[in-house]
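# Chains, contacts and geometry: an overview
What follows is each chain in one-letter form.
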There are 2 protein chains.
Amino acid sequence: MSSHFLGNSVKLDNVYIASSGTTCGPLEFFGPLGSYFDKGYDDYHCGEKSFEKAERKMLREALDICLKREQLKLKDIDLYMGGDLLNQITTVNYLAREIPQPFIGIYGACSSFALSMAISSLLIEAGYVDKIVTLVSSHNATAERQYRYPVEYGVQKKATTTFTATGAVATLLTNQKTSVRVESITLGKVIDYNQNDPNDMGRAMAPAAYDTIITHFKDLKRSFKDYDLVVTGDLSTYGHKILKTMMQQNKIDVVHYDDCGCMLYDVHKQEVFQGGSGCACSALVTMGYLYPLLKEKKYKRILVVATGALLSPMLSAQKETIPCVAHAVSLEVVE
Amino acid sequence: MSSHFLGNSVKLDNVYIASSGTTCGPLEFFGPLGSYFDKGYDDYHCGEKSFEKAERKMLREALDICLKREQLKLKDIDLYMGGDLLNQITTVNYLAREIPQPFIGIYGACSSFALSMAISSLLIEAGYVDKIVTLVSSHNATAERQYRYPVEYGVQKKATTTFTATGAVATLLTNQKTSVRVESITLGKVIDYNQNDPNDMGRAMAPAAYDTIITHFKDLKRSFKDYDLVVTGDLSTYGHKILKTMMQQNKIDVVHYDDCGCMLYDVHKQEVFQGGSGCACSALVTMGYLYPLLKEKKYKRILVVATGALLSPMLSAQKETIPCVAHAVSLEVVE
């Protein structure tokens, strides 16, 4: 970005988190962070006839919870922005029919949470709007059906696979002071390390996460030590190790680092292979678990680096390698 | 949006169009506007082995032409933003692997041109970046294969169908003064008029175009008369008529109005059913044909209202109606 800003990053002064709503599916609900989410379902249908409708219902509920906390109605929000994993970002676009305000659809695969938070923060900081709600969701059964096979087929999975989280998150950003703010953002480059196995996305995404973290640190003259916690989106156990190794090879001291894909589940007890992925993964961990810890001042500043594998199943079938991206948002307690 | 701005619109002071690149396929090349495009192909493969690769090649060429005109390199641009019609916005995301700068993926179906121009304009106006290139593309054979059937099947089409344009457009926006500027933008709401026929998208999108135009006029206290030309994205002959009727029923005087889907082809002679659609449709007509007319001062101010049918084929199969959206950008000669 331009020289009067900071490389690919922007420091912000006037963007605050006012509220959030989190809904999740069974494995997230019965996982280690389950008690932190606003609502959990013990099945994948959520009372709906299709998995797509179930995902949309969870997102609508997350939105309703988010707005109700601040006693706001749909029309009180200036702008909505969001994305999901389904072709034509189906969940957000079809939900947007119920929203009487402008809507911007974004697509960054599993990085959509940080991408929508970053763009929304820039629009609020600039003074264009007072209130934006970001919307992201993913659903294990809709994502499996679309990217791989219907779960009912029981197809054998590779050990390197991650498990798409089922959940939805709405986040209200505002220019009115609250106890937690978006302190800075870094927009990521699309990185391709010649990985072509769509069953091993943690490893494919690690270089993109590395690039965004390094760029963020360089732009803001920071290191891991400047954060109480740095979380990547969904690198899972394999990608998480690779990122650490890359950092160590470049003599960067890694402290306070974890991965949302490893935090959302008990990777040893729950059947999630290498851990969680999906738009809901980093969003649930951040807004359900970490945001309350910031409000309670248990953390002062955290960096959320949501990662996305931008692969198209069709292009994977055409033997193309996988483009990956990571976008970062820094969240900070307001003193 | 917030009260200190103008409803859902923003007036801009510092956003200029510096360059563009336009590439197209055979029907666009041999159509009435063919001579205005930078490069045209007489086949759909463009020398590549797959239609997806052909679409990406056209977009890369549009980008190269756009940058070369201003003697810029890829890394001279602060930020890239774009979208296309393919699942996982494949064309832009896979092209972004070649781009060493941050990338934002957006999805607004055929409205992606105006959506990426609008968000980019807001980021430049706010001073975050100096130069953004927006990227959009569509390809008849990739879109048909994904949304309907491979063209090789020769499936009978309904008369209400539109023809997805083959082409790609790169546009360079900057804060440095040029002869044409982005004067204002209006972000659209997602509108659903209970239309469920994916073969009749012109009619489905007309209410969204109506809403955005009316909102734009209301926000900026304008009418059709304040523009030398108002173009909708791709309503085609049917949707175009419906929009006019809706305006007339609400006693709004319609002058200087046309539709990019009707302008890109000779609807009577070329086999395009009701006219053109696709991300490339409004982008080719605007940047290939109208932008030079603005530079030559044949128009002083035009309004481009790109329309998008946000339908998912899967949700159409589940009998859901079609969400539609339209985003508007006003382009003006700099005196």
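One structure accompanies this document, and this report is about it. Everything numeric here is computed off the predicted structure, so don't read it as measured data. (Residues numbered from 1 in each chain as written. Chains lettered and ligands numbered in written order. Predicted model: local features only at pLDDT ≥ 70, side-chain atom pairs only at ≥ 80, totals over all residues. Heavy atoms only, no water.)

## Side note on the overall build of chain A
Heads up, the condition is: Helix and strand definitions follow DSSP, with helices as H or I runs of at least four residues and strands as E runs of at least two, each counted in order from the N terminus. Our radius of gyration looks at C-alpha atoms and nothing else; its globule reference is 2.2 Å times the residue count to the power 0.38. Using a 1.4 Å probe, accessible areas were evaluated by the Shrake-Rupley method; residue-level cover was limited to the displayed protein chains. Positive charge is attributed to Lys and Arg, negative charge to Asp and Glu, and no charge count is given to His or to the chain ends. Lysine's charge is taken at NZ, arginine's at CZ, aspartate's at CG and glutamate's at CD.
Check the secondary structure of chain A and you find ten helices and 14 strands. The C-alpha atoms of chain A give a radius of gyration of 18 Å, which matches the 20 Å a tight globule of 335 residues would have. With the principal axes as the frame, chain A shows a C-alpha extent of 50 × 50 × 35 Å. When the accessible surface of chain A is totalled, it reaches about 11400 Å², and 48% of it is carbon and sulfur. Counting 35 positive and 37 negative side-chain charges, chain A places the centres of these two groups 2 Å from one another.

## Brief notes about the pairing of strand β9 (residues 180-186) of chain A
Residues and elements named next belong to chain A. Quick reminder of the rule: Exposure is judged per residue with a 1.4 Å probe applied to protein chains only, and the accessible area is read against the type maximum: over 50% gives exposed, under 20% gives buried, and values in between give partly exposed. At least two DSSP bridges between two strands are needed for those strands to be called paired.
Within β9, seven of the seven residues are buried, which leaves it mostly tucked inside the rest of the structure. In terms of strand pairing, strand β1 (residues 9-11) meets β9 through three bridges, oriented antiparallel. Looking at the pairing, Ser9 lines up with Thr186 of β9. Both β9 and strand β14 (residues 324-333) contribute to a ladder of six bridges, which runs antiparallel. Opposite Ser184, over in β14, you have Ser330 as the bridge partner.

## Concerning the relation of the copies chain A and chain B
Two chain copies here: they are related by a rotation about an axis and a translation along the same axis. Heads up, the condition is: When the copies are overlaid, the least-squares fit takes in C-alpha atoms only where the residue has pLDDT of at least 70 in both copies.
Taken as rigid bodies, chain A and chain B are interconverted by a rotation of 180 degrees and an axial shift of 0.0 Å, the fit giving an RMSD of 0.0 Å. Within this description, the copies of the chain are treated as partners about a two-fold rotation axis. By C-alpha distance to the rotation axis, the residue of chain A lying nearest is Ile106(A), at 2.0 Å.

## Observations regarding helix α6 (residues 201-220) of chain B
Given 3.6 residues per turn, any residue in an α-helix points the same way as the ones three and four places further on. Residue and element names in this part refer to chain B. Inclusion rule: The span expected for a helix works out to 1.5 Å for each residue beyond the first. In this analysis the local bend is the angle between axes fitted, respectively, to the seven residues ending at and the seven residues starting at the residue.
Taking 1.5 Å per residue as the helical rise, α6 with its 20 residues ought to reach 28 Å, and the 28 Å between its terminal C-alpha atoms agrees with that figure. In the structure, α6 departs most strongly from a straight axis at Pro207, where the bend amounts to approximately 25 degrees. Of all 20 residues that make up α6, 17 are buried, and the element is covered over most of its length. Phi turns positive, to about 50 degrees, at Lys221, one or two residues after α6.

## Quick look at unusual backbone geometry
Note on backbone geometry: most residues besides glycine have negative phi, and most peptide bonds are trans. Residues and elements named next belong to chain B. The backbone of Ser236 shows a phi angle near 65 degrees, a positive value even though the residue is not glycine. Relative to the elements of secondary structure, Ser236 occurs in helix α7 (residues 236-249). Despite not being glycine, Lys319 shows a phi value in the positive range, around 65 degrees. As for its position among the elements, Lys319 is in the loop between α10 (313-317) and β14 (324-333). The exposed category is assigned to Lys319, whose relative accessible area is 72%.

## Considering the interface of chain A and chain B
The cut-off we apply is this: For this analysis, residues touch if any pair of their heavy atoms sits within 4.5 Å. The salt bridge criterion pairs a side-chain nitrogen of Lys or Arg with a carboxyl oxygen of Asp or Glu, the two atoms within 4 Å. Definition of a polar contact: a pair of N or O atoms within 3.5 Å, with one able to donate and the other able to accept a hydrogen when the atoms are protein atoms, and with sequence-neighbouring residues admitted only if both atoms are side-chain atoms. All residues other than Ala, Val, Leu, Ile, Met, Phe, Trp, Tyr, Cys, Pro, Asp, Glu, Lys and Arg, Gly among them, are scored as polar; the first ten of these are nonpolar and the last four charged.
In this complex, chain A contributes 58 residues to the contact, which on the side of chain B involves 58 residues. On inspection of chain A and its partner chain B, the count reaches eight salt bridges. Between Arg97(B) and Asp192(A) there is a salt bridge, with the nearest N and O atoms lying 2.9 Å from each other. Between chain A and chain B we count 26 residue pairs in polar contact (both at pLDDT 80 or more) in total. Within the residue set of the side of chain A that touches chain B, elements represented by two or more residues are α2 (51-69), α3 (90-95), β5 (103-105), α4 (112-125), α5 (140-147) and α10 (313-317) of chain A. The biggest single contributor to the side of chain A that touches chain B is α4(A), with five residues. Grouping the amino acids of the side of chain A that touches chain B by side-chain chemistry returns 30 nonpolar, 17 polar and eleven charged.

## Points about the environment of Tyr16(B)
Residue and element names in this part refer to chain B. Here Tyr16 is to be found in strand β2 (residues 16-24). Tyr16 sits in the buried class, given a relative accessible area of 10%. Along the chain, Tyr16 and Glu335 lie 319 residues apart, while their C-alpha atoms are 13 Å from each other.

## A few points about the side chain of Asp200(B)
All names here are of chain B. The residue Asp200 is located in the loop between β9 (180-186) and α6 in this model. Given a relative accessible area of 7%, Asp200 falls into the buried group. In contact with Asp200, other than residues within four places in its own chain, are Thr160, Gln195 and Tyr238.

## Side note on the packing of aromatic side chains
So the rule is basically this: Centre distance within 6.5 Å is the pairing criterion for rings of Phe, Tyr and Trp, where only the six-membered ring of Trp is used; planes under 30 degrees apart are then read as stacked, over 60 as edge-to-face, and the remainder as tilted. Only lysine NZ and arginine CZ atoms are considered, and such an atom sits over a ring when it is within 6 Å of the ring centre and within 35 degrees of the ring normal.
If you walk through the whole model with that rule in mind, you get twelve aromatic pairs over all chains. Taking 5.4 Å as the distance between ring centres and 50 degrees as the angle between the ring planes, the aromatic pair formed by Phe29(A) and Phe30(A) counts as tilted. Owing to a relative accessible area of 58%, Phe30(A) belongs among the exposed residues under this scheme. Ring geometry for Phe217(B) and Phe224(B): centres 5.1 Å apart, planes at 75 degrees, overall edge-to-face. Like Phe217(B), the residue Phe224(B) is buried in the burial classification. Ring-pair connections join several aromatic residues into one group, and the members of that group are Phe217(A), Phe224(A), Tyr227(A) and Tyr257(A). A cation over a ring is seen here: Arg301(A) above Tyr227(A), with NZ or CZ 5.5 Å from the ring centre.

## Quick notes on the state of the cysteines
To be explicit about the condition: Defined by distance alone, a disulfide is two cysteine sulfur atoms within 2.5 Å.
Per the stated rule, a full pass over the model turns up zero disulfides over all chains. Cysteine Cys110(B) shares no disulfide, and the gap to the nearest cysteine sulfur, in Cys279(B), comes to 5.5 Å.

## Thoughts on the pattern of salt bridges
Here the structure, examined in full by the defined rule, presents 40 salt bridges over all chains. Among the salt bridges present, the one from Arg60(A) reaches Asp64(A), with a minimum N-O distance of 3.0 Å. Placement of both Arg60(A) and Asp64(A) in helix α2 is noted, with a separation of four residues, approximately one turn of the helix. Its salt-bridge partner being Arg145(B), residue Glu52(B) comes within 2.5 Å of it at the nearest N-O pair. Taken together, the residues Glu52(B) in helix α2 (residues 51-69) and Arg145(B) in helix α5 (residues 140-147) connect sequence positions 93 residues apart. Its relative accessible area of 2% is what places Glu52(B) among the buried residues. Salt bridges sharing partners connect three or more residues here, namely Lys53(A), Arg56(A), Arg97(A), Asp192(B) and Glu320(B).

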